[in-house]
Amino acid sequence: MAYFPFYIDIENKKILVVGGGTVALRKIEKLTPFSPDITVVAPKICDEIKALNVKIIDRRFCDSDLDGAFCVVSATDDETLNGRIFQLCNEKNILVNTVDDKEKCGFIFPAIASKNGITAGITTSGKSPIYAKYLKELFVGILESMNENTTEVLWKYRPIIKEKVEREDDRRKIFERLLSLCLSGLEPDEKTVENLIEEYEQ
Ligand SMILES: C[C@@]1(CC(=O)O)C2=NC(=C\c3[nH]c(c(CCC(=O)O)c3CC(=O)O)Cc3[nH]c(c(CC(=O)O)c3CCC(=O)O)/C=C3\N/C(=C\2)[C@@H](CCC(=O)O)[C@]3(C)CC(=O)O)/[C@H]1CCC(=O)O
Ligand SMILES: NC(=O)c1ccc[n+]([C@@H]2O[C@H](COP(=O)([O-])OP(=O)(O)OC[C@H]3O[C@@H](n4cnc5c(N)ncnc54)[C@H](O)[C@@H]3O)[C@@H](O)[C@H]2O)c1
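Since we're looking at a predicted model, the values are computed, not measured. (Residues numbered from 1 in each chain as written. Chains lettered and ligands numbered in written order. Predicted model: local features only at pLDDT ≥ 70, side-chain atom pairs only at ≥ 80, totals over all residues. Heavy atoms only, no water.)

Undergrad: Which residues make up the pattern of salt bridges, and what values do they have?
TA: One pass over the full model with this rule turns up 13 salt bridges. The salt bridge involving K92 is made with D67; its shortest N-O contact spans 4.0 Å. Of this pair, K92 sits in the loop between helix 3 (79-91) and strand 5 (95-98) while D67 sits in the loop between strand 3 (55-57) and strand 4 (71-74), and the two are 25 residues apart along the sequence. Taking the relative accessible area as the measure of exposure, K92 reaches 40% and is therefore partly exposed. Residues joined in a network through salt bridges with shared partners are E168, D169, R172 and K173. (Salt bridge = Lys/Arg side-chain N within 4 Å of Asp/Glu carboxyl O. Helix = DSSP H or I, 4+ residues; strand = E, 2+ residues; numbered from the N terminus. Buried < 20%, exposed > 50% of the residue type's maximum accessible area, 1.4 Å probe, protein only.)

Undergrad: Residues and numbers for the pairing of strand 7 (residues 118-122), please.
TA: In terms of strand pairing, strand 6 (residues 111-115) meets strand 7 through five bridges, oriented antiparallel. If you follow I112 over to strand 7, its bridge partner there is G121. Hairpin connection between strand 6 and strand 7: a loop of two residues separates the two successive antiparallel strands, and N116 in this loop has a positive phi of roughly 50°. (Pairing = 2+ DSSP bridges.)

Undergrad: Please set out the side chain of T76 residue by residue, giving values where relevant.
TA: Tracing the sequence through the fold places T76 in the loop between strand 4 and helix 3. Here T76 falls in the buried class, since its relative accessible area comes to 15%. At 3.0 Å, the side chain of T76 forms a polar contact with the backbone nitrogen of D78. When near neighbours in sequence (up to four residues on either side) are disregarded, T76 contacts V18, G19, L81, N82 and V99. (Polar contact = N/O pair within 3.5 Å; in protein donor to acceptor, adjacent residues only side chain to side chain. Contact = heavy atoms within 4.5 Å.)

Undergrad: Quick one: what's the story with the environment of V153, residue by residue and with numbers?
TA: If you trace the backbone, V153 turns up in helix 5 (residues 150-164). With a relative accessible area of 7%, V153 lands in the buried category. On a C-alpha basis, the gap between V153 and D63 in space is 48 Å, while along the polypeptide they are 90 residues apart. Those residues in contact with V153, other than ones at most four positions away along the chain, are C182, E187 and P188.

Undergrad: With reference to specific residues and values, describe a negative patch on the surface.
TA: On the surface, D77, D78, E79 and D100 cluster together to form a negatively charged patch. As for its placement among the helices and strands, D77 is situated in the loop between strand 4 and helix 3. (Patch = residues over 30% accessible without salt bridge, like charges linked within 9 Å, V, L, I, M, F, W, Y side chains within 5 Å. Areas by Shrake-Rupley, 256 points an atom, 1.4 Å probe, with all protein chains shown as cover. Lys, Arg positive; Asp, Glu negative; His and termini not counted. Charge placed at Lys NZ, Arg CZ, Asp CG, Glu CD.)

Undergrad: Summarise the sheet that holds strand 1 (residues 14-18); cite the residues concerned and give the values.
TA: Taken in spatial order, the five strands make up an open sheet running 3-2-1-4-5, and their pairing is parallel. The two strands at the open ends of the sheet, each matched to only one other strand, are strand 3 and strand 5. Averaged over all pairs of adjacent strands, the angle between their axes in this sheet comes to 20°, without regard to strand direction. In this sheet, strand 5 lies alongside strand 4 in parallel orientation, the contact comprising four bridges. Across the sheet, V72 pairs through a bridge with V96, a residue of strand 5. Across the sheet, helix 3 lies against strand 1, strand 4 and strand 5, angled at about 165° from strand 5, the strand it touches most. (Axes fitted to C-alpha atoms, helices over the stretch in contact; angles between N-to-C directions.)

Any link to function would need more than the numbers given here.
Below, the structure is given as structure tokens:
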């Protein structure tokens, strides 16, 4: 196993979750902020899942539930069924996450630290989820200590700098100086950005 941290656009993508218990709920809560199209199939689905914006199929899993799925989370308490879903998904080239066996995961859920436009996923590649969770909490603390507007300020001026400053090296230096201003608690305005651009234009 060698998990690479791609950030994949899952907006409106069909995600099937098999199982409707505690672990399924946690996985769904991780996914919903990214607006996928989630269907949950299970004979017993907890009320917290029913209250979320997901489609509910109130019965046992059947193979055709996989049709059209972009990816699958296999979150039942039935090891044999989870293993069979893993096999079916592999045959159909569907990415699958199997919650009871890290060897049966085509993708894994990281611990997620998300704040002020930053999303960090932390993984131990399945070796210790509890350590990933601990590190995530540390990182949330770091993000909370940052100026909350930094990402938006840098995003606001990036197109202008990209357009006006010809040399990539100069652009990088300007971005570094803007970032330093944000990190020191200042919020650079248009005039500051113009002055910086002028410095490098000469
Ligand atoms: C990060 C997080 C994301 C999330 O799920 O939200 C996540 N597990 C979390 C918590 C957690 N999971 C477990 C415990 C109990 C303590 C323990 O056993 O260690 C706790 C702690 C708790 O509950 O506090 C049990 C467990 N987990 C897996 C197995 C099966 C196995 O190891 O083979 C078993 C044994 C089941 C059993 O014994 O029956 C497998 C996986 N769990 C993963 C992710 C993937 C690897 C991530 C990585 O390490 O990089 C992977 C491989 C697949 C996947 O699920 O995607 C989330 C914390 C996030 C947060 O809170 O921020
Ligand atoms: N990956 C992780 O982070 C993690 C953490 C803790 C536990 N686990 C594992 O997750 C598994 C599930 O734990 P849980 O606490 O959510 O269990 P749970 O008992 O709360 O839920 C099990 C769900 O599976 C459903 N189910 C059973 N048979 C089914 C079928 N034929 N078709 C569709 N759905 C079916 C049930 O209806 C229920 O909704 C456990 O076996 C445990 O090994 C994984």
